[in-house]
Structure formats: C-alpha cells, structure tokens
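# Structural overview for review
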Amino acid sequence: MRKLQLLMLVLAVSTATIRAQVGTTFTDEESNLKFKITAVGEENTVEVGVNSNYSGDVIIPKEVIYNGSKYTVTRIGEKAFGSYTENRVTTSVSIPETVTSIGANSFLNCKALTSVSISKYVRYIETDAFAYCSNMTEVNVEDMDAWVQIDFANGRANPVYNSEKIYSNGQLVTDVVLTDVPEIGSYAFYYCTSIKSISVPSTVKEIGKQAFYGCTGLSNLYIEDFDSWAQIEFEDEESHPFVYRTNGKIYCKGNVIDEIKLSSTTVVNQYAFYNFNCINSFTIPKSVHKIGSKAFYGCDPERVNISDLDSWSQIEFEDKYSQPLNRTFWGHLCINGNEVWNAVLKSTQKINDYAFYHCNLSEITIPNSVEQIGKLALAENNLGSVIIPDNVISIGSGAFSSNKSLNSIKIGKFVSDIGNSAFYYCIRLAEVQNNATVPQTIGDHAFARTALKSISIPKTVTALGSFVFEDCSGLTDIYDYANKPQSIKVDCFGGLSCYDVTLHVSEGCKTAYETSNYWNNFTIVEEFLGADVTLSSVGYTTYCCPDGNLDFTNVDGVKAYIASDYDLETGTLTITRVKNVPAGSGVLLIGEGGESYDVPATEKAHIQANLFVGVTDADKVLEQTEGDYTNYYLSIVDGIVGFYKVAEGHTITIGVGKAYLPIKTSSSAAQSNGFIIEGVSDEVTKINQIVLKDGDGVEGYIDLNGVRTNKLQSGKIYINTKTRNKLFVK
C-alpha cells in the first residue's frame with residue numbers, strides 16, 4: 001500500500017512539472033532574449049516573449065536551451081518588441097527559418113526599427129505586427145513566391161507598409177517575377193511603391209484583399225494567358241496590379257499587346273481588366289455568360305468584337321463597368337469586323353442590365369420576343385426613336401437614360417413597370433406614346449429633364465413616383481385618362497411648376513382631382529370630351545370631328561392617317577400616321593371592322609399639310625372634278641378597298657363627319673381610277689395609283705403598274721383596260 005502511494009506521488013509531481021513548463025517564460029543567456037514555452041513533448045517549441053526594452057539589432061536564434069532541453073523557436077509572440085508606447089531602441093531584426101508566424105503588435109511602435117529579414121518559411125503575420133515602424137527602410141525577403149503566400153492579417157501586418165520598398169537577397173526589387181504560385185495573398189505588396197512591374201503566372205487563381213494597395217509605381221504587367229487571367233478571383237479593386245496605373249504596358253508571352261482575345265472562358269471575373277486602358281480591342285466569345293463588377297473599369301477600347309447581339313444581350317453584367325465600352329467616346333461593338341450602329345435583335349427574351357450601355361448605338365430594333373429591358377440596358381447611346389413592343393413587361397431603372405438624341409418613344413401595351421429614371425435626361429424627348437393596357441407604375445424621375453410639352457397618362461397607370469417630371473421646363477399639359485386620381489407620392493410633381501401646367505382629366509373627374517392630395521397642387525384643371533368612332537365592317541373609314549381635337553395616342557386598335565403628299569410625276573400618294581387630329585381635319589381610320597372606339601379629346605393638335613378634306617357643316621356632293629381638282633372617295637370595288645375617282649356624269653354624297661380626297665388634276669391624275677389602300681399598316685405608306693398607260697379602251701388587262709399582261713397570276717390585282725373594272729385573281 002505504501003509503495004502504491006509513493007508511485008502516485010511521483011506521477012503527480014511529474015505531471016505538475018510538465019504543466020509548469022507550458023507557458024513558462026525564461027531568458028536565453030546567449031541571445032539575451034525572453035522566450036515562452038509553447039509546447040513540450042515530441043516537439044519542444046517556444047515563441048519570442050515580451051522584450052519591449054531590447055536594445056540594438058535583434059537576431060532571433062533557431063533554437064534555445066532551457067533546463068538542458070532544446071526548444072525550437074517557431075513564433076514571435078504578441079507585443080514581443082512592440083508596445084502602445086514608442087520603442088526607440090530596437091533597430092533591426094533577423095528572423096530564422098524556423099519561425100512560421102509573427103504575432104499581433106509584435107513590433108508595434110518600434111520607431112528605431114530600420115530593417116527586418118523574413119525567411120521563406122513564415123506563413124502568418126498577425127494584426128498590426130509592424131504598425132507604426134515609421135523609420136523602416138528595408139524589408140528583406142528570401143523567396144518572392146513564398147512571400148506572396150504569407151497570410152497577412154491586415155496592411156500594417158506587412159512591414160513593407162513602412163518601408164515602401166522590398167528587397168530580395170539584399171537587392172532592391174523593382175520587377176517581381178512569380179513562377180508557380182496558386183495565389184497572391186492579401187496585403188502582399190501593401191504600399192510597396194518600389195515595384196515597377198510584375199509577372200503573374202497562369203497558375204494564379206486568386207489575388208487577395210488590397211494585395212497591391214498603394215503600389216503607385218507599378219505600371220507594367222506580364223501575363224501568360226488571357227483566359228486564365230480573366231478567371232482570376234480578385235477580392236477587391238486594390239487586389240489588381242493596375243489599380244493605380246496611369247501609363248505603362250501589358251505583355252503576353254514577351255510581346256507588348258494592345259488587343260486581347262478571349263477564346264473559351266465562360267466568366268470574366270470582377271476587376272479582371274481594371275485600368276487596361278492601353279488595350280484598343282477586346283474580343284469576347286459567345287461562351288461568356290457573366291462579366292463581374294468593374295471588369296473593364298477604366299478601359300477605353302475602340303472595338304469590342306462579339307459573335308452576335310442576341311447572345312451579348314444575355315450576358316449577366318454586374319454593373320456598368322462590366323460593360324467594356326463603359327467610358328469610351330468613339331468605341332463600338334463589332335461583328336465580323338463591322339461596327340454596330342444599328343442593333344437589330346432577333347429572338348432574345350431579355351436585354352440584360354447594362355448590355356448596351358454607352359455603346360454609341362444610333363438605332364435599336366427590339367423584337368416581340370423581348371419581355372424585359374434591364375437596368376441601364378440602353379443608356380447613354382445616340383438613339384433617335386425607339387419602339388418598345390407589346391410583349392415587354394418592364395423597363396428597368398435608367399434603361400434609356402441620357403440618350404440625348406432620343407426624340408420619341410412608343411411604349412407597348414403590356415408594360416407594367418417603367419423604372420426609376422427610365423428616360424431621365426433624354427433632353428430631346430418630346431413625344432411619348434404610352435399604350436399601356438395593363439396596370440402600370442411609373443417610377444421616380446422617369447421622365448425628368450426631358451423636352452416634353454405634353455404627356456398622356458393612360459387610365460391603367462396606378463401609381464407615380466417622386467419627381468416624375470422634374471425640370472421638364474417646357475411641359476404645359478398633362479392628360480390623365482384615369483377614372484379617378486391615382487396614388488402618387490408627396491413629391492411626385494416636385495421640380496415642376498404646377499401653376500404653369502394644365503391638368504386635363506376625364507369628364508366628370510375634375511372635382512375629384514381638385515380635392516385629392518398632391519393632385520390639388522395644379523391650379524388649372526380642365527375636363528376633356530371625346531368622340532365615339534365606329535369603323536365600317538371592312539375596317540376602313542374616313543372621319544372628321546367637326547368641333548373637337550382628338551387624341552389617338554392611347555387608343556388601342558385604331559390608327560389615324562392623313563394624306564400628306566401627292567407626287568404629280570409618279571402619281572404616288574403618301575399617307576402618314578398621326579396621333580393628334582385638329583377639329584375639322586379629315587383622316588383615314590384603319591382598325592378592326594365594325595368596332596367602336598372611345599377617342600379622347602385634346603386641347604391642342606397640329607398636323608402637317610393634309611390632302612384629306614373633312615365635311616363639317618353639311619353633306620358634300622362630289623362631282624368628278626371641281627375646279628383644278630379631281631375628287632376621290634373611299635369605297636369598295638370588286639372587294640378592293642381604295643379611294644376611287646367619281647365617275648364622269650355621276651355624283652357622290654359625303655356625309656358630315658366623313659372626308660374625301662381631292663387631287664390636283666394633271667395628265668397623270670387624269671388617268672387614275674384610284675388608290676388601293678388595302679394592307680396599309682406602316683407609319684408612312686406610299687400608295688401607287690391605278691394608271692392606265694397601255695391600250696386604254698382596248699380589251700385586255702394591266703397590272704397596277706400599268707404594264708399589259710396576258711397571264712394573270714393568283715394573288716394579284718389587274719384592271720380591265722376597256723371597262724376599267726378591277727379583277728382580283730384568287
């Protein structure tokens with residue numbers, strides 16, 4: 001029993017001895033440095049302890065001996081030589097290859113420290129390890145590949161932050177050549193102004209936070225492969241070697257380059273080509289589906305070569321600086337070497353955010369397949385007019401903003417959301433045709449700083465944002481077709497002088513607007529009356545409103561045309577679509593046969609010269625000629641709709657509210673039986689007259705160009721040259 005107790009006592013003493021050694025501090029007699037034991041057993045290790053008053057040059061040994069045992073020095077402990085008060089006695093430090101980490105604040109405020117040597121085995125340098133070592137002039141590293149893989153906790157953990165220079169084997173490093181590293185760690189060259197160039201191998205996959213912060217002298221970059229470079233993960237802007245570049249060159253495989261051709265990459269990562277402003281041309285393959293934030297920040301290429309516009313519009317651009325042309329003045333998208341001025345999309349469903357931002361486009365054709373137009377998708381171009389098709393559901397924030405040449409916009413039926421600043425600063429935008437037939441919201445600043453003189457708000461609009469018409473100094477009339485005041489924000493009409501703008505509202509709604517919050521800021525509120533228009537069964541009708549101006553802008557299903565020109569030499573009649581029709585003006589209406597339309601009135605309307613004459617006071621009896629004019633009237637002959645000449649010796653009565661077409665008599669017009677209008681659908685349509693040029697009065701047939709033929713083709717219209725009757729061949 002006594003032997004067992006003695007054994008237990010010995011074990012207890014031994015255990016106590018071991019535990020006492022971990023954390024024990026001692027002074028090494030040879031180096032006169034204090035150390036703290038960090039591990040005992042299979043490996044005995046120590047860290048450099050607190051030596052804040054150590055004077056002179058510090059040479060840290062690889063090993064120290066304590067109580068007869070060897071201990072490997074693997075770490076420099078927290079505040080080993082640093083303190084929150086100044087240390088002006090430690091002048092230099094040499095760190096052995098056994099040290100793998102340097103603790104937080106280990107050289108904090110070492111004002112006298114001028115140089116430090118760090119081996120290739122150091123892996124971790126903790127927070128503020130070399131903070132405020134303001135007289136540091138030399139940081140000597142053993143191996144550059146190892147250096148860039150050190151895990152620096154922050155910028156002040158890197159001693160280069162103080163010296164702004166880095167040395168390797170005693171030589172000042174100006175050109176960094178990395179060979180086979182997977183990453184460049186955070187803060188690797190923090191404030192290293194001495195480096196002028198860096199060679200980055202294709203093995204690098206990641207560059208950490210602020211790796212090149214303050215590297216203002218770095219101007220030349222050597223890379224091995226464009227696709228691998230594009231896929232490097234840059235943690236932030238200061239991760240990029242060119243974050244401060246103002247001039248310099250880029251080299252690939254030893255050659256200076258001004259053109260970058262990507263071949264197979266699917267992603268261009270954020271910051272990839274940051275400040276590559278010496279590159280004149282980029283080639284982006286169809287395989288790319290995402291371009292990260294600021295990937296092309298600071299670039300100024302003349303050409304961006306792409307495969308096709310539809311695939312380009314589908315790329316996920318993270319911000320406007322993801323778009324390669326984000327700042328260029330003359331640059332263009334190019335397909336097959338040709339600059340794209342007129343972008344014709346074919347089958348894409350969405351124009352993604354920023355897709356055509358700042359691309360110097362003059363025209364854009366948006367197909368019916370498009371359902372969404374993204375944020376800033378077409379901003380800062382030179383578009384003149386835009387038609388947004390009916391299938392589009394939403395127009396993103398700033399989608400068309402700062403198109404300073406944009407003068408007109410047509411918005412399709414199913415647009416439910418017009419985003420914030422959608423048309424902001426389109427300083428020449430004077431005409432907006434909003435055809436919405438679904439509930440629609442209009443966002444903040446949507447039409448701010450435009451040239452609008454009047455604006456129509458469809459009855460389906462449910463809400464308007466803030467400052468919608470801010471700085472529209474020419475705006476005099478707002479036409480709101482709703483049956484009751486919409487929900488608007490308190491500052492909806494901010495930046496607009498409501499004393500100078502007339503608010504036009506639907507019949508019977510004036511009181512509601514005058515008593516509704518924020519709408520009652522308008523001092524002039526007027527009701528407008530309209531007209532009910534019914535088309536003939538074939539969908540073609542002449543019309544004239546004797547006592548009111550009509551607005552066809554938001555009338556779905558019917559279009560109004562004037563006869564704007566007649567060419568005496570060619571016998572060609574031109575009809576042009578109009579939206580506002582003055583009282584008494586004759587127009588041709590084309591729409592769904594037999595349908596009735598409620599057309600609102602408008603206070604102001606003006607159209608160019610119109611050959612149609614409206615009948616206003618009493619029925620008009622037409623003879624074939626009247627003075628110098630030959631009269632034509634709308635009719636159907638042999639199933640063909642057209643304006644036909646009044647037969648000689650006959651009269652036609654045109655009722656009040658209708659119109660007819662007098663054409664100045666000429667040798668050409670005298671031979672014309674009429675003008676075919678079937679199939680008219682364009683904004684401006686040229687209509688060839690029916691001209692008898694060959695064999696008049698002789699049995700036979702001619703086509704509408706006056707050419708005699710004996711072979712009648714199906715689907716064509718011919719005229720019998722003797723009877724002057726028309727024949728449609730089925």
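About the criteria used
- Residues numbered from 1 in each chain as written.
- Predicted model: local features only at pLDDT ≥ 70, side-chain atom pairs only at ≥ 80, totals over all residues.
- Heavy atoms only, no water.
- Helix = DSSP H or I, 4+ residues; strand = E, 2+ residues; numbered from the N terminus.
- Buried < 20%, exposed > 50% of the residue type's maximum accessible area, 1.4 Å probe, protein only.
- Areas by Shrake-Rupley, 256 points an atom, 1.4 Å probe, with all protein chains shown as cover.
- Disulfide = S-S within 2.5 Å.
- Contact = heavy atoms within 4.5 Å.
- Pairing = 2+ DSSP bridges.
- 1 Å grid on protein atoms, 1.4 Å probe; cavity = no way out; pocket = protein on both sides within 12 Å on 5 of 7 lines; lining within 4 Å.
- Points joined across faces, edges and corners; volume = space filled by probe spheres on them.
- Nonpolar A, V, L, I, M, F, W, Y, C, P; charged D, E, K, R; others polar.

## Remarks on the overall build of the protein
Scanning the protein from N- to C-terminus turns up six helices and 67 strands. Burial statistics for the protein: of 730 residues in total, 52% are counted as buried. Carbon together with sulfur atoms contributes 46% to the accessible area of the protein, which is approximately 32600 Å² in total.

## A short note on unusual backbone geometry
A positive phi angle, close to 55°, is found at Asp128, a residue other than glycine. With respect to the helices, strands and loops of the structure, Asp128 is situated in the loop between strand S10 (124–125) and strand S11 (138–141). Phi is positive for Asp471, which is not a glycine, with a value near 60°. Here Asp471 lies in the loop between strand S42 (461–464) and strand S43 (477–480).

## Description of the state of the cysteines
Under the counting rule described, the total for this entry stands at zero disulfides. Not engaged in a disulfide, the cysteine Cys498 finds its nearest cysteine sulfur in Cys492; these two sulfurs lie 8.8 Å apart. Not engaged in a disulfide, the cysteine Cys544 finds its nearest cysteine sulfur in Cys545; these two sulfurs lie 7.1 Å apart. With relative accessibility at 1%, the residue Cys544 sits in the buried group.

## Let's talk about the side chain of Gln433
The topology assignment puts Gln433 in strand S39 (residues 431–434). Ignoring sequence-local partners within four residues, the contact set of Gln433 consists of Ile409, Lys410, Ile411, Thr553, Arg577 and Lys579.

## What to know about the environment of Arg449
The topology assignment puts Arg449 in the loop between strand S40 (440–442) and strand S41 (454–457). In sequence terms Arg449 and Tyr424 are 25 residues apart; their C-alpha atoms lie 6.1 Å from each other. Not counting residues up to four positions away in its chain, the partners in contact with Arg449 are Tyr424, Tyr425, Cys426, Ile427, Glu470, Asp471 and Cys472.

## Some words on the sheet that holds S42
Backbone-to-backbone hydrogen bonds join strands into a sheet, with any given pair of strands oriented parallel or antiparallel. Reading across from one edge, S32-S34-S36-S38-S40-S42-S44 is the order of the seven strands in this open sheet, with parallel pairing throughout. This sheet does not close on itself; its edge strands, each paired only once, are strand S32 (350–351) and strand S44 (487–488). One ladder, built from three bridges, connects S40 with S42; its direction is parallel. When the sheet's bridge partners are listed, Gln440 is paired in S42 with Val461.

## Regarding empty space enclosed by the protein
Summed over the entire model, instances satisfying the criterion amount to four cavities of 30 Å³ or more. Reported here for the largest cavity is a volume of approximately 50 Å³. Forming the boundary of the largest cavity are Ile284, Pro285, Lys286, Val288, Ile306, Ser307, Asp308, Ser311, Trp312 and Ile315. The residue makeup of the lining of the largest cavity, split by class, is six nonpolar, two polar and two charged.

## Some points on the sheet that holds strand S20 (residues 233–234)
Taking strand neighbours across the sheet as the criterion, the three strands line up as S16-S18-S20 in an open arrangement whose pairing is parallel. Both edges of this open sheet fall to strand S16 (183–184) and S20, since each of them pairs with a single strand only. Of the strand pairs in this sheet, S16 and strand S18 (residues 206–207) are connected by two bridges, and their pairing is parallel. Note on S18: the bridge partner recorded for Glu183 is Glu206.

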